[in-house]
Amino acid sequence: MAIDIKKLLQSVVSHGASDLHLVARAEPQIRIDGTLKAVNLPVLTGEDIEEMAYALLTEKQKKSFEEHLELDFALMLPGIGRFRANYYRTLGDIAAAFRIIPTEIPSLDDLNAPKLYKELIKREKGLILVTGPTGSGKSTTLAAILNEINETEHKHIVTVEDPVEFIHQNKKSVFSHRETGADTRSFAMALKYAMRQDPDIILIGEMRDKETIEAALTAAETGHLVFGTLHTNSAPGTINRIIDVFNGEEQAQIRTMISTSLVAVISQMLLPKIGGGRVAVPEILVTNHAIANLIREDKVHQIYSQMQLGQGKSGMQTQTQVLTNLVGKRLITKEDAVQYSSKPDELKKNINFR
């Protein structure tokens with residue numbers, strides 16, 4: 001059975017889906033508003049998927065996939081859209097996942113982002129992290145933040161990603177987009193040499209290892225504004241994740257580096273919205289004197305209570321507070337709020353859940 005993969009991706013875009021999954025012994029599946037739905041097409045075989053998947057690859061990409069059994073790449077289909085693709089194998093068959101990357105980069109206002117974001121990007125140096133699980137909108141939030149800078153500031157912005165997702169057109173700022181594997185060997189190497197490229201701002205697609213995290217902290221300390229992502233589920237948990245990457249004897253120094261260079265952590269997730277669509281739930285930690293002391297003194301477990309207290313002036317907010325507000329505005333259901341909450345007991349008290 002021959003399915004034209006380009007027509008299938010066009011259909012995915014027209015349905016307003018975020019993802020397409022091709023797995024043997026199942027129909028093609030698309031994700032709409034966070035929910036997976038089968039497309040009205042026949043069940044696919046491994047041979048069907050291989051024919052479709054290979055039609056999009058260069059010879060170099062085919063060789064890489066056959067050697068490593070994994071492949072990440074970005075794909076631009078004129079007249080259709082831009083996609084992030086991942087090929088892998090399951091029970092010997094090729095499988096594929098495609099994530100739609102909007103070609104129109106949203107503004108912070110489009111995303112109804114907190115006003116604090118526009119204040120954070122005025123910093124000249126420091127580390128700002130956007131965290132959350134896969135599919136939580138991290139890349140979209142960062143793209144909107146960089147778009148705001150692009151429209152208001154004259155900066156040189158170096159992005160290091162695997163693969164490059166949103167491609168920014170140079171407005172007031174100048175972008176150097178770098179893709180690992182194609183433009184640089186690794187995140188850590190790209191960061192090492194970025195210092196010689198006169199960047200004002202550096203975006204790191206994923207802080208996935210010790211070398212990359214250390215290089216990011218150093219860049220943030222030495223006069224650059226650095227944005228990065230991590231797969232963590234809370235703002236305080238993000239700090240622990242970074243510290244835990246390092247050996248015991250290194251952790252005191254890393255805590256000191258984090259306490260002086262960390263500007264903010266935005267830990268977000270997307271929840272189903274009443275009436276359709278999804279709404280972002282951002283937990284926000286902003287480093288002030290009290291937070292910096294807690295990090296330095298290895299008292300990260302006390303940060304959450306500081307976030308609860310630090311609402312007014314700092315703009316900090318906990319996930320529970322955001323969920324409570326969204327339930328109050330009837331944007332999300334109580335049931336979804338509790339299901340997705342990292343502190344369901346605390347939330348239930350706030351929203352009188354029965």
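The structure presented is a predicted model; accordingly, all values stated were derived computationally and were not measured. Residue numbers here run from 1 along each chain, matching the order of that chain's written sequence. Totals for whole chains, interfaces and linings use all residues, but because this is a predicted model, local features are given only for residues with pLDDT of at least 70 and pairs of side-chain atoms are given and counted only at 80 or more. The basis for every side-chain value is the complete set of non-hydrogen atoms in the structure, without hydrogens or water.

Let us look at the overall build of the chain. The helix and strand labels rest on DSSP assignments: H or I over at least four residues marks a helix, E over at least two residues marks a strand, and numbering proceeds from the N terminus. A tally of helices and strands in the chain yields 14 helices and 13 strands. For the radius of gyration, the atom set is restricted to C-alpha positions; the globular benchmark scales as 2.2 Å times the number of residues to the power 0.38. Here the C-alpha radius of gyration of the chain, 21 Å, is about what a compact globule of 354 residues would show, namely 20 Å. The C-alpha extent of the chain, read off along each of the three principal axes, is 65 × 55 × 40 Å. Summarising the internal contacts of the chain: among those between residues at least 6 apart in sequence, 56% fall at separations of at least 24. Using a 1.4 Å probe, the Shrake-Rupley method yields the accessible areas, and only the shown protein chains count as cover for residues. Roughly 17200 Å² of accessible area belongs to the chain as shown, and the carbon and sulfur atoms make up 47% of that amount. In this count, Lys and Arg are taken as positive residues and Asp and Glu as negative ones, while His and the chain termini are left out. The atom standing in for a charge is NZ when the residue is Lys, CZ when it is Arg, CG when it is Asp and CD when it is Glu. Measuring between centres, the 41 positive side-chain charges of the chain sit 6 Å from its 44 negative side-chain charges. The contact definition used throughout considers only heavy atoms, calling two residues in contact when any of these lie within 4.5 Å.

As a further point, take the packing of aromatic side chains. Each Phe, Tyr or Trp ring (for Trp, its six-membered ring) is paired with any other whose centre lies within 6.5 Å, and the angle between the two planes then decides the class: stacked below 30 degrees, edge-to-face above 60, tilted in between. Counted according to the given criterion, the structure contains 4 aromatic pairs. Ring centres of Phe65 and Tyr87 lie 6.0 Å apart, and the angle between their planes is 80°; this geometry places the pair in the edge-to-face category. Placement of Phe65 in helix α3 (residues 59-68) and of Tyr87 in strand β5 (residues 81-90) is noted, with a sequence separation of 22 residues between them. One exposure class covers both Phe65 and Tyr87, and it is buried. On the basis of an interplanar angle of 75° and a centroid distance of 6.1 Å, the ring pair of Tyr87 and Phe98 is categorised as edge-to-face. In this pair, Tyr87 sits in strand β5 while Phe98 sits in strand β6 (residues 93-101), placing the two residues 11 residues apart along the sequence. A simple rule labels every residue: compare its accessible area, found with a 1.4 Å probe on the protein chains alone, to the largest value its type can have, and call it buried under 20%, exposed over 50%, or partly exposed in between. Relative accessible area serves as the criterion here: at 0%, Tyr87 is assigned to the buried category. By the ring-pair criterion, three or more aromatic residues cluster together here, those being Tyr54, Phe65, Phe73, Tyr87 and Phe98.

With an omega of -5°, the peptide bond between Asp162 and Pro163 qualifies as cis. For Pro163, the location among the structural elements is in the loop between β8 (156-161) and β9 (174-179). Positive phi outside glycine occurs at Asp198, with the angle close to 50°. Mapped onto the secondary structure, Asp198 falls in the loop between α6 (187-194) and β10 (201-204). Located in the positive-phi region is Arg330, a residue other than glycine, with phi close to 60°. Structurally, Arg330 can be placed in the loop between α12 (319-328) and α13 (334-340).

Bringing the side chain of Ser267 into the picture now. By the element assignment, Ser267 lies in strand β12 (residues 262-272). By relative accessible area, which is 5% here, Ser267 ends up buried. Polar contacts here mean pairs of N or O atoms no more than 3.5 Å apart (in protein, one a potential hydrogen donor and the other a potential acceptor; neighbouring residues in sequence count only if both atoms are side-chain atoms). Engagement of the side chain of Ser267 in a polar contact is seen with the backbone nitrogen of Ser234, the distance being 3.3 Å. Those residues in contact with Ser267, other than ones at most four positions away along the chain, are Thr131, Thr232, Asn233, Ser234, Ala235, Val281, Pro282 and Glu283.

Turning next to helix α1 (residues 5-14). Along α1, the positions that sit buried rather than exposed are Ile5, Leu8, Leu9 and Val12. Buried residues of α1, seen end-on, are gathered within an arc of 95° and therefore sit on one face of the element. Exposed side of α1, more than 90 degrees from the buried face: Lys7 and Ser14 are the residues found there. Between the side-chain oxygen of the N-cap and the backbone nitrogen of Lys6 there are 2.9 Å, and the N-cap of α1 in question is Asp4. To be clear, the arc concerns the directions from the helix axis to the C-beta atoms.

Attention now goes to the sheet that holds β8. Two strands make a pair as long as DSSP finds a minimum of two bridges between them. If you walk across this open sheet you meet the 7 strands as β9-β8-β10-β11-β7-β12-β13, and the pairing is mixed. Each of the sheet's edge strands pairs with one partner strand only, and the pair in question is β9 and β13 (278-286). Neighbour-to-neighbour, the strand axes of the sheet open up by a mean angle of 15°, direction not taken into account. Pairing of β12 with β13, which is carried by 9 bridges, proceeds in the antiparallel orientation. Bridged to Ala264 within β13 is Val286. All axes are obtained by fitting lines to C-alpha atoms, using only the stretch in contact for helices, and the reported angles, taken between N-to-C directions, cover 0 to 180 degrees.

The rule for a salt bridge is simple: a side-chain nitrogen of Lys or Arg has to be within 4 Å of a carboxyl oxygen of Asp or Glu. Inspection of every chain in the model, using the stated rule, returns 12 salt bridges. Arg84 is paired through a salt bridge with Glu165; the nearest N and O atoms lie 2.6 Å apart. Here Arg84 is found in strand β5, whereas its partner Glu165 is found in the loop between β8 and β9, with 81 residues between them in sequence. Judged by relative accessible area, which is 21%, Arg84 ranks as partly exposed. By relative accessible area, which is 9% here, Glu165 ends up buried. Ionic pairing is found between Asp162 and Arg208, a salt bridge with its closest N-O pair at 3.6 Å. Residue Asp162 is located in the loop between β8 and β9, and its partner Arg208 is located in the loop between β10 and α7 (210-221); the two are separated by 46 residues in the primary sequence. Members of the salt-bridge network, linked through shared partners, are Asp162, Glu206 and Arg208.

On to the pairing of β13, then. Burial of β13 is extensive: 7 of the 9 residues sit out of reach of the surface. Counting the residues between successive antiparallel strands, the hairpin from β12 to β13 contains 5 residues, one of them, Gly275, with a positive phi of roughly 95°.

Interpretation note: all reported values are geometric properties and have no functional meaning in isolation.
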